[in-house]
Amino acid sequence: MTANGWFQVGLFFLLLLAITKPMGVYMARVFSGQKTFMDPVMRPVERLLYRVTGVDETHEMRWTEYAIAMLLLSGVSMILLYAIQRLQHSLPWNPQGFANVAPDLAFNTAASFTTNTNWQAYSGESTMSYFTQMAGLAYHNFLSAAVGIALAIAVIRGIARREMETIGNFWVDLTRTILWVLLPVCLVVALFFVSQGTVQTLKPYVTAQLVDPQTVQVTGADGKTTTQRVTEQTITLGPVASQEAIKMYGTNGGGFFGANSAHPFENPTPLTNFVQMLLIFSIGSGLTYTLGRMTGSQKHGWAVWSAMAVLFLAGVVFTYTAESRGNPQLHGVDQHVSATQPGGNMEGKEVRFGIATSALFATITTDASCGAVNGVHDSYTPFGGMIQMINMMLGEVVFGGVGAGLYGIVVFIILTVFIAGLMVGRTPEYLGKKIEAYDVKMAMLAVLVFSLLILIFTAIGVVTPYGKAGITNPGPHGLSQVLYAYTSGAANNGSAFAGLSANTLWYNTSIAFDTLLGRFFMVMPVLAIAGNLARKKIVPDSAGTFPVTTPLFATLLVSVVLIVSALTFFPALSLGPILEHLLMHAGKVFGG
């Protein structure tokens with residue numbers, strides 16, 4: 001660990017804090033129908049869209065109607081993306097002549113991008129055409145992010161309203177999210193990325209002659225190994241910058257290239273790397289301020305932000321510490337920081353970014369259900385990789401995905417005030433509304449669905465032949481690979497322990513259902529809570545009311561998140577990364 005590393009962590013945290021209020025105020029004004037500086041440009045476009053699509057922007061929806069509209073849009077868009085992939089070879093902008101995507105992989109990708117997961121069992125530069133990348137994947141990056149934000153705003157309205165049956169209009173919230181929140185920033189950021197060296201072109205791939213030809217061993221389909229002399233290199237190009245902007249800002253995470261944000265064409269400089277990290281957290285952090293502003297309790301918004309910040313900083317500290325200590329199996333190797341080497345565990349990390357920024361990026365992307373990576377999480381130390389899993393196992397509530405983090409933390413807020421009410425023997429209240437059995441049942445349903453998805457799919461994956469076939473490492477790390485995959489899917493994160501061979505019929509199909517259930521079976525109980533809260537009356541505070549604006553509340557919220565989520569998975573973690581850590585220090589390794 002170095003002073004420079006901690007400085008980068010501290011600078012990121014301070015800038016995140018600085019942008020939270022402006023982002024929160026702006027989004028509160030957008031979704032409250034107040035004037036913003038973007039109105040002269042976006043309002044005419046919005047009205048035109050409503051006329052073309054027949055949307056009545058004055059119509060208010062109950063939570064059930066809101067949910068049906070969201071499910072219909074998601075279902076239709078998923079079918080569209082599947083069709084684009086299956087017809088890819090016949091569609092335009094395919095200069096490399098890529099074939100149609102296989103049915104199981106197309107299904108997995110369609111489900112993944114529809115749910116804002118962006119799990120990728122393929123390398124984009126060798127599988128997806130420019131048309132598929134732009135009209136299919138980038139389109140879903142906008143749409144899935146907008147759906148998440150719209151859902152979060154609907155939940156906030158449910159908390160803020162009193163004695164009402166409706167929580168807003170899904171089509172209006174979706175449209176305003178895309179026009180006011182996502183598009184303007186993405187346009188500016190895409191141009192910034194181009195200025196830094198990110199590729200943006202529709203030209204075909206370029207072939208370059210190697211200055212130093214290489215001799216490589218190639219194993220053919222018949223199992224025979226031959227020697228080949230390589231004299232050319234293919235340089236992959238494409239419309240990268242435009243996709244990179246929404247990939248990070250919308251916490252999507254799916255990269256144009258297989259190497260994702262470790263690729264210099266996606267993430268060319270330390271400055272772009274820092275901007276990408278800020279983009280990932282910006283909306284999730286701002287929504288906590290929006291929560292406080294729209295509910296009339298700004299202190300509550302800051303209390304929620306503080307709880308998230310504590311969990312985030314803890315993850316960074318643990319990850320940075322674990323990676324800086326290096327690997328004790330490398331006997332006789334100097335792993336200390338010096339003028340000639342960075343020290344610590346540099347396996348799987350970009351030398352451009354080093355350990356500090358890699359640990360910070362890994363923590364942010366797994367906190368925020370983004371899934372973009374600037375290194376290989378599979379190559380992290382056992383404890384370093386475990387922290388990334390725990391970040392997702394918390395339910396992606398540490399700032400979280402756009403919208404998903406906010407409505408996810410509301411589930412834990414409900415449980416927190418319920419537990420606090422039990423402690424003093426009073427009916428729990430949240431911002432003046434009584435929390436009743438229905439609210440707690442819906443909150444626990446969301447928690448249980450998430451946990452069961454991960455544990456059941458993982459159990460099947462590690463005991464069945466088709467599940468074990470994808471494991472590339474025997475022993476506890478193999479369990480970690482499978483556990484990470486299904487945790488990433490259920491949490492709609494999309495990152496992976498890259499050692500798992502996931503492009504198979506079993507993993508493509510099971511992870512697709514994992515992402516779909518993790519998204520929509522989590523959303524439905526939360527919308528039900530929002531609809532129920534909107535109908536309730538406001539009751540005045542009393543001496544027994546547990547305040548949700550204090551450090552005590554933030555502390556209890558953090559405790560509930562850790563107890564309910566992290567401890568649920570402790571047995572699985574004990575058999576995976578914890579056991580691997582103990583064996584590593586005992587000198588035990590597992591061969592491939």
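This text follows the structure it describes.
Residues numbered from 1 in each chain as written. Predicted model: local features only at pLDDT ≥ 70, side-chain atom pairs only at ≥ 80, totals over all residues. Heavy atoms only, no water.

K.L.:
How should I be thinking about the pattern of salt bridges in this particular structure?
P.N.:
Close approach of charged atoms lets side chains of opposite charge pair. In this structure the tally under the stated criterion is 14 salt bridges. E350 is the salt-bridge partner of R352, the closest N and O atoms lying 2.7 Å from each other. Judged by its relative accessible area of 22%, E350 falls in the partly exposed class. One connected set of salt bridges, linked through shared partners, spans R43, E46, E57 and R176. (Salt bridge = Lys/Arg side-chain N within 4 Å of Asp/Glu carboxyl O. Buried < 20%, exposed > 50% of the residue type's maximum accessible area, 1.4 Å probe, protein only.)

K.L.:
Could you clarify how one ought to interpret the packing of helix α10 (residues 298-324) against helix α11 (residues 354-367) in this entry?
P.N.:
Contact pair α10 / α11: the axes reach a minimum separation of 9 Å and the direction vectors enclose 140°. Considering their axes alone, α10 and α11 lie oblique with respect to each other. As for the relative orientation of α10 and α11, their crossing is right-handed in sense. Within the contact between the two elements, α10 uses F312, G315, V316, T319, Y320, E323 and S324 and α11 uses I355, A356, A359, L360, T363, I364 and D367. Split by residue class, the contact of α10 with α11 holds eight nonpolar, four polar and two charged. (Axes fitted to C-alpha atoms, helices over the stretch in contact; angles between N-to-C directions. Helix = DSSP H or I, 4+ residues; strand = E, 2+ residues; numbered from the N terminus. Parallel < 35°, antiparallel > 145°, perpendicular 65-115°, else oblique. Left-handed = near helix turned anticlockwise from the far one by under 90°. Contact = heavy atoms within 4.5 Å. Nonpolar A, V, L, I, M, F, W, Y, C, P; charged D, E, K, R; others polar.)

K.L.:
Whenever I open this one, the packing of aromatic side chains confuses me. Can you help?
P.N.:
A complete count under the given rule lists 28 aromatic pairs for this structure. With a centroid separation of 5.2 Å and an interplanar angle of 65°, the aromatic rings of F256 and F257 are classed as edge-to-face. Residue F256 is classed as buried on the basis of its relative accessible area, which comes to 1%. What makes F257 buried here is its relative accessible area of 1%. Both rings, one in F281 and one in F312, keep their centres 5.2 Å apart while their planes meet at 75°; by these two values the pair is edge-to-face. You can see F281 sitting in helix α9 (residues 270-295) and its partner F312 sitting in helix α10, a full 31 residues away along the chain. As far as burial versus exposure is concerned, F281 and F312 are alike and both buried. An aromatic cluster is defined as three or more aromatic residues linked by ring pairs; in this entry it consists of F12, F13, F274, F281, Y289, W302, W305, F312 and F399. In this structure, R176 is placed above the aromatic ring of W180, and the distance from its NZ or CZ to the ring centre is 4.0 Å. Seen from the ring of Y380, K349 lies directly overhead, with NZ or CZ sitting 4.1 Å from the centre. (Phe/Tyr/Trp six-rings, centres within 6.5 Å; stacked < 30°, edge-to-face > 60°. Lys NZ or Arg CZ within 6 Å of the ring centre and 35° of its normal.)

K.L.:
Sorry, what's going on with the side chain of T366 here?
P.N.:
Secondary-structure assignment places T366 in helix α11. Judged by its relative accessible area of 0%, T366 falls in the buried class. At 3.0 Å, the side chain of T366 and the side chain of N391 are in polar contact. In this structure, T366 is in contact with H377, Q388, N391, M392, E396, Y484, N493 and S495, ignoring residues within four places of it in sequence. (Polar contact = N/O pair within 3.5 Å; in protein donor to acceptor, adjacent residues only side chain to side chain.)

K.L.:
Help me understand a nonpolar patch on the surface, please; the structure alone is not making it clear to me.
P.N.:
On the surface, a cluster of nonpolar side chains totalling about 260 Å² of accessible area is made up of M1, W6 and V317. In this structure, W6 sits in helix α1 (residues 3-31). (Patch = residues over 30% accessible without salt bridge, like charges linked within 9 Å, V, L, I, M, F, W, Y side chains within 5 Å. Areas by Shrake-Rupley, 256 points an atom, 1.4 Å probe, with all protein chains shown as cover.)

K.L.:
So what exactly am I meant to see when it comes to empty space enclosed by the protein here?
P.N.:
Rolled over the atoms, a probe with the dimensions of a water molecule shows which regions are left empty. Using the criterion set out here, one finds five cavities of 30 Å³ or more in the structure. Estimates place the volume of the largest cavity at around 180 Å³. Every residue lining the largest cavity is counted, 17 residues in all, and those nearest its centre are G395, A404, Y407, N492 and M522. Elements represented by at least two residues in the lining of the largest cavity include exactly α13 (404-424) and α17 (505-534). Ranked by residue count, the leading element in the lining of the largest cavity is α17, at five residues. A breakdown of the residues in the lining of the largest cavity according to their chemical character gives nine nonpolar, six polar and two charged. Its boundaries defined by the atoms lining it, the second largest cavity holds a volume of some 100 Å³. Broken down by secondary-structure element, the contributors of at least two residues to the lining of the second largest cavity are α13 and α14 (437-463). Of the residues forming the lining of the second largest cavity, the biggest block, four residues, is contributed by α14. In terms of residue class, the lining of the second largest cavity is built from ten nonpolar, four polar and no charged. (1 Å grid on protein atoms, 1.4 Å probe; cavity = no way out; pocket = protein on both sides within 12 Å on 5 of 7 lines; lining within 4 Å. Points joined across faces, edges and corners; volume = space filled by probe spheres on them.)

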